[in-house]
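Summary of the model geometry
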Amino acid sequence: MNVLLTGGAGYIGSHVTRALAEAGHRCVVVDNLCKGHATAVSEAELVVADVADGRAMRAAMSDHAIDTVIHLAAFIEAAESVAEPDKYFRNNTLIGLMLLDAMREAGVGRMVFSSTAAVYGQPERMPIDEDDRLDPINPYGASKLCVEWMLRAYAQAYKMGFISLRYFNVAGADPAGDIGEDHRPETHLIPLVLQVAMGKHEQMSIFGDDYETDDGTCVRDYIHVCDLADAHVLAAERIGRGCADAYNLGNGAGFSVRQVIETARQVTGSKIPAEVGPRRPGDPPRLIASSQRAMDGLGWRPKRAELSTIIEHAWAWHNGHPDGYAD
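Every value quoted in this text rests on a predicted model; they were computed, and no experiment measured them. (Residues numbered from 1 in each chain as written. Predicted model: local features only at pLDDT ≥ 70, side-chain atom pairs only at ≥ 80, totals over all residues. Heavy atoms only, no water.)

Now for the overall build of the protein chain. Each helix and strand counted, the protein chain has 10 helices and 14 strands in total. On C-alpha atoms alone, the protein chain measures out to a radius of gyration of 19 Å, which is about the 20 Å that the 2.2 N^0.38 rule sets for 327 residues. Relative to its 327 residues, the protein chain shows a buried fraction of 53%. Considering only intrachain contacts with a sequence separation of at least 6, the fraction spanning at least 24 residues in the protein chain is 79%. (Helix = DSSP H or I, 4+ residues; strand = E, 2+ residues; numbered from the N terminus. Rg over C-alpha atoms; globule rule 2.2 N^0.38 Å. Buried < 20%, exposed > 50% of the residue type's maximum accessible area, 1.4 Å probe, protein only. Contact = heavy atoms within 4.5 Å.)

Now the structure itself:
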């Protein structure tokens, strides 16, 4: 395949690029570098452009004989989306539509779309499967769900093929230790815990310890970023004309905030002080995926499911790159 990967200079994108190269596919990354890092792209050509630039996108697809798009470029902070919904619907939804039209004009009919567990909102049961109610509770989730709806319409009307991958909590880093997570500002739990271990923060904040879970803290399903990247390759290889499928990507097991902190203490040898604060609005007590459909439909299996492995690989990256790609 000749793959165009939007947002490929970001955390997930850099790992997907590597997985594509290892599978023998040719990849071109398009990224405006507003969040990504040029030095994270080593196995692909980097085109610095905005996905909203239809002319640049059509040229990139034509010049590189692209047959498949993997669309990762998006804003991803749920809390920010509540404060700035226009930013999310413009960047995630409207630009998604513009990309679809550029693909049609360039004759590219296949896309893997980066979606999210946020499309489910407050789930009614655990584990969550793809047929459960889609009812996002923030503009971030809604902006992604709007794109999923557009994909279904385009598949039916124009016989294009799409697979949406609904991520749960992505963490870890490539075991080689040369690419990893570098968000600014950082809001994800595991890198924040590791920043405390590195001395960048005095302590961790635990947002609530009175949930109906075993230890009172929120439980989430963590998936290794390399397992996630593998799923993108498998999805891209299996897209058929007229399809608009969706697959959850998680481990099917949940770990609480306290379990994450304790595992990080064991991995790093640091005490990692933690203080309990009030709950954050809108945090469900438990989010766990059923990924059986991805296992059956894509032949995918998570290979790095242990929480200790996920944190060990993340720690190797953060400890070796204390200032991220600025190193």
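Overall, the coordinates contain 22 salt bridges when judged by the stated rule. Each of R18, E43, D174 and D178 takes part in a single network of salt bridges with overlapping partners. (Salt bridge = Lys/Arg side-chain N within 4 Å of Asp/Glu carboxyl O.)

Right, let's talk about the packing of aromatic side chains for a bit. Considering all chains together, one arrives at four aromatic pairs under this definition. Summarising the aromatic geometry, the rings of Y154 and Y158 are spaced 5.0 Å apart at their centres and angled 75 degrees between planes, so their arrangement reads as edge-to-face. Linking Y154 with Y158, this pair stays in helix α5 (residues 139-158), spanning four residues, or about one helical turn. What makes Y154 buried here is its relative accessible area of 11%. (Phe/Tyr/Trp six-rings, centres within 6.5 Å; stacked < 30°, edge-to-face > 60°.)

Running from N to C, helix α6 (residues 189-197) and helix α8 (residues 257-268) point in directions that differ by 45 degrees, and their axes come no closer than 10 Å. Viewed along their axes, α6 and α8 adopt a mutual orientation that is oblique. In terms of crossing hand, the pair formed by α6 and α8 is right-handed. Here L189, I190, V193, L194 and A197 of α6 lie close against α8, whose contacting residues are V257, V260, I261, A264 and T268. Tallied by class, the residues present in the contact of α6 with α8 amount to nine nonpolar, one polar and no charged. (Axes fitted to C-alpha atoms, helices over the stretch in contact; angles between N-to-C directions. Parallel < 35°, antiparallel > 145°, perpendicular 65-115°, else oblique. Left-handed = near helix turned anticlockwise from the far one by under 90°. Nonpolar A, V, L, I, M, F, W, Y, C, P; charged D, E, K, R; others polar.)

For the structure shown, the criterion picks out zero disulfides. Considering cysteine sulfurs only, C27 is the nearest to C226, which forms no disulfide, with 15 Å between them. C243 takes part in no disulfide bond, and the closest cysteine sulfur, belonging to C27, lies 20 Å away. With a relative accessible area of 15%, C243 lands in the buried category. (Disulfide = S-S within 2.5 Å.)

With that settled, consider helix α2 (residues 54-63). Three- or four-residue spacings in an α-helix give side chains the same orientation, since the helix completes a turn every 3.6 residues. Every buried residue of α2 is listed here: M57, A60 and M61. Buried residues in α2, looked at end-on, bunch into an arc of 95 degrees, giving them a common side. Residues R55, S62 and D63 are exposed on α2 and point more than 90 degrees away from its buried face. If you follow the buried residues of α2, they end up packed against β1 (2-6), β2 (26-31), β4 (68-71) and α4 (85-106). Directly beyond the C-terminal end of α2, a positive phi value near 50 degrees is found at A65. (Arc of directions from axis to C-beta.)

A few words on the sheet that holds β4. The seven strands lie next to each other as β3-β2-β1-β4-β5-β6-β11, forming an open sheet whose pairing is parallel. Each end of this open sheet is capped by a strand with a single partner; those strands are β3 (45-48) and β11 (244-249). Adjacent strand axes in the sheet meet at a mean angle of 20 degrees when their direction is disregarded. Of the strand pairs in this sheet, β1 and β2 are connected by five bridges, and their pairing is parallel. Paired with L5 across the strands is V29, a residue of β2. (Pairing = 2+ DSSP bridges.)

Glancing now at the side chain of H25. The residue H25 is located in the loop between α1 (11-22) and β2 in this model. By relative accessible area, which is 15% here, H25 ends up buried.

In short, shape yes, function no, at least from these values alone.
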